[in-house]
Amino acid sequence: MNAAIPEPLRRILDRARWAPSGDNTQPWRFEVVADDHLRVLGHDTRAHCVYDLDGHASQIAHGALLETLAIAATAEGLHADIQRQPGYPDSAPVYEVRLVRREGLAADPLVAMIERRTVQRRAMSGHPLDIAHKAALAASVPGYRLVWFEGFSQRWALARFMAANGKNRLTMPEAYPTHRDIIEWAAHFSEDRVPERAVGVDPMTARLMRWALRSWGRVEFLNTWLAGTVMPRLQLDLLPGLRCAAHLALVAERAPAGIDDYVAAGRALQRLWLVATSLGLFMQPEMTPVIFSRYVREGRPFTAVEAVRERAARLAARMEDWMGVDGAHQTVFMGRIGYGPAPAARSLRKPLSRLLMDGGR
Ligand SMILES: Cc1cc2nc3c(=O)[nH]c(=O)nc-3n(C[C@H](O)[C@H](O)[C@H](O)COP(=O)(O)O)c2cc1C
């Protein structure tokens with residue numbers, strides 16, 4: 001660790017790096033400018049990841065990182081004043097962070113949740129959400145509303161919806177490079193990817209996936225002749241989609257229009273996720289239907305496979321039926337939530353030394 005970084009700053013960054021990002025990409029680097037001034041240099045994966053439409057998923061992750069940083073700063077008695085710098089492209093945003101000492105500033109109790117928060121992709125308890133917990137979650141995201149999908153029939157509808165969306169993910173060649181690259185096989189933990197054991201499939205299915213993902217030809221063969229999407233969708237979408245307390249959508253007051261709206265959404269998401277953690281709840285983001293709906297709505301090409309395009313259009317229409325046209329367009333996040341159990345495997349993070357520009361300043 002670089003000795004030049006003052007201790008409070010090092011502790012803040014060391015906590016901030018635990019923010020979630022799509023596929024654990026950690027699309028950020030840190031530059032220490034002065035003892036009370038740092039820069040977060042963001043990037044995105046839109047050039048090679050079909051899920052990072054216009055970099056929005058990465059921008060949500062930037063927001064989650066900035067929120068985590070602000071919460072971590074309170075443990076040092078510091079307020080983080082965060083501004084996005086003008087003049088940088090959205091694909092490489094720069095966020096200026098000034099740390100201001102505030103007398104009497106109490107540490108945010110969510111500090112203790114930062115490293116505990118983790119995604120749970122496997123089946124959870126179906127115990128319904130406590131009413132007080134729902135109220136606390138709603139209160140954690142001012143300016144947004146939460147739409148709940150609860151009870152057996154709504155969860156079953158969402159589980160089927162996610163399984164249909166899963167068919168799209170698994171049968172579109174455009175998503176293949178991402179699926180091939182993000183899993184660290186035979187691992188419980190991974191610093192820069194998603195470990196196999198946190199994916200949510202059983203070891204047999206994981207072995208088959210590992211074999212298939214060596215080439216798109218193998219995936220196609222499996223899909224065509226051996227109903228290759230059935231087991232993954234059963235284990236990744238259908239069963240966990242049913243076995244949870246609820247699915248939820250985080251809905252903004254207006255449709256997000258640009259990077260600042262997505263960063264703000266990421267800040268809200270992280271606050272929601274940390275509060276959920278403090279209540280003994282686990283979440284799994286279910287972001288891909290939100291992303292594909294946007295492709296459909298904007299008439300943007302995202303796959304050469306006609307069946308995938310048609311299914312995505314049907315799923316986008318179903319979201320509008322459930323939430324209203326405005327509600328669907330204003331949705332910035334979807335996920336499922338439940339009272340554990342905690343996962344036995346999880347993503348870790350790159351060490352701070354790998355995230356610092358020039359090893360510090
Ligand atoms: C913007 C965003 C989108 C995500 N989308 C998904 C998703 O669609 N499915 C999923 O299983 N996890 C999703 N995740 C969760 C990440 O994969 C996860 O946070 C990351 O691998 C780090 O793991 P951890 O949260 O357990 O620390 C998403 C996270 C973020 C921030």
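Our subject in this report is the structure included herewith. (Residues numbered from 1 in each chain as written. Predicted model: local features only at pLDDT ≥ 70, side-chain atom pairs only at ≥ 80, totals over all residues.)

Turning our attention to the overall build of the chain. The helix and strand inventory of the chain stands at 12 helices and 12 strands. Over its C-alpha trace the chain gives a radius of gyration of 20 Å, about what one expects of a compact globule, namely 21 Å for 361 residues. Taken along the three principal axes of its C-alpha coordinates, the chain extends 60 × 45 × 40 Å. Counting across all 361 residues of the chain, residues that qualify as buried make up 43%. (Helix = DSSP H or I, 4+ residues; strand = E, 2+ residues; numbered from the N terminus. Rg over C-alpha atoms; globule rule 2.2 N^0.38 Å. Buried ≥ 20, exposed ≤ 12 C-beta atoms within 10 Å, placed from the backbone.)

Moving on: the nonpolar core. Judged by nonpolar contacts, the single largest core of 80 residues is most densely connected at Leu65, Leu69, Leu250, Ala265, Leu269 and Leu272. Ranked by residue count, the leading element in this core is helix H9 (residues 259–278), at 12 residues. Taken together, domain 1 (7–116) and domain 2 (131–346) each give at least three residues to this core, which thus spans both. Setting aside residues up to four positions removed in sequence, leucine 250 forms contacts with Val141, Tyr144, Leu146, Ala268, Leu269, Leu272, Thr331, Val332 and Phe333. (Core = buried A, V, L, I, M, F, W, Y, C linked by C-beta atoms within 7 Å. Domains from an automatic or database assignment. Contact = placed C-beta atoms within 7 Å.)

Let's shift gears to the sheet that holds strand S11 (residues 331–338). Taken in spatial order, the 4 strands line up as S5-S9-S11-S10 in an open sheet, and their pairing is antiparallel. Taken across any chain shown, the strands that pair with only one partner, and hence form the sheet edges, are strand S5 (144–149) and strand S10 (282–285). Neighbour-to-neighbour, the strand axes of this sheet turn through a mean angle of 30°, independent of strand direction. Bridge count between S10 and S11: 4 bridges; the pairing is antiparallel. If you follow proline 285 over to S11, its bridge partner there is glycine 335. (Pairing = 2+ DSSP bridges. Axes fitted to C-alpha atoms, helices over the stretch in contact; angles between N-to-C directions.)

Right, let's get into the site of the ligand. Contacts to the ligand come from 20 residues, most closely from Pro20, Asn24, Thr118, Pro285 and Ser347. Among the secondary structure elements, those contributing two or more residues to the shell around the ligand are helix H2 (56–74), S10 and strand S12 (346–347). For the shell around the ligand, the leading source of residues is H2, giving 4 residues. Looking at the shell around the ligand, you find at least three residues from each of domain 1 (7–116) and domain 2 (131–346). (Near = placed C-beta within 6 Å.)

Moving on, we get to the environment of threonine 45. Turning to its location among the elements, threonine 45 is positioned in the loop between strand S2 (37–42) and H2. Here threonine 45 falls in the buried class, since 20 other C-beta atoms lie within 10 Å of it. Between the alpha carbons of threonine 45 and glycine 55 there is a distance of 6.5 Å; along the sequence they are 10 residues apart. Residue contacts for threonine 45: discarding those within four places in its chain leaves Thr25, Pro27, Asp52 and Ser58.

Looking now at the packing of H2 against H9. How two helices pack is summed up by the angle between their axes together with the distance between the axes. One can describe the packing of H2 onto H9 by two numbers: an axis separation of 6 Å at closest approach and a directional angle of 55°. In terms of orientation, H2 and H9 fall into the oblique class. The handedness of the crossing between H2 and H9 is right-handed. Here His56, Gln59, Ile60, Ala61, His62, Gly63, Ala64, Leu66, Glu67 and Thr68 of H2 come into contact with H9, specifically with Ile259, Tyr262, Val263, Ala264, Ala265, Gly266, Arg267, Leu269, Gln270 and Arg271. Across the contact of H2 with H9, the residue classes tally to 10 nonpolar, 7 polar and 3 charged. (Parallel < 35°, antiparallel > 145°, perpendicular 65-115°, else oblique. Left-handed = near helix turned anticlockwise from the far one by under 90°. Nonpolar A, V, L, I, M, F, W, Y, C, P; charged D, E, K, R; others polar.)

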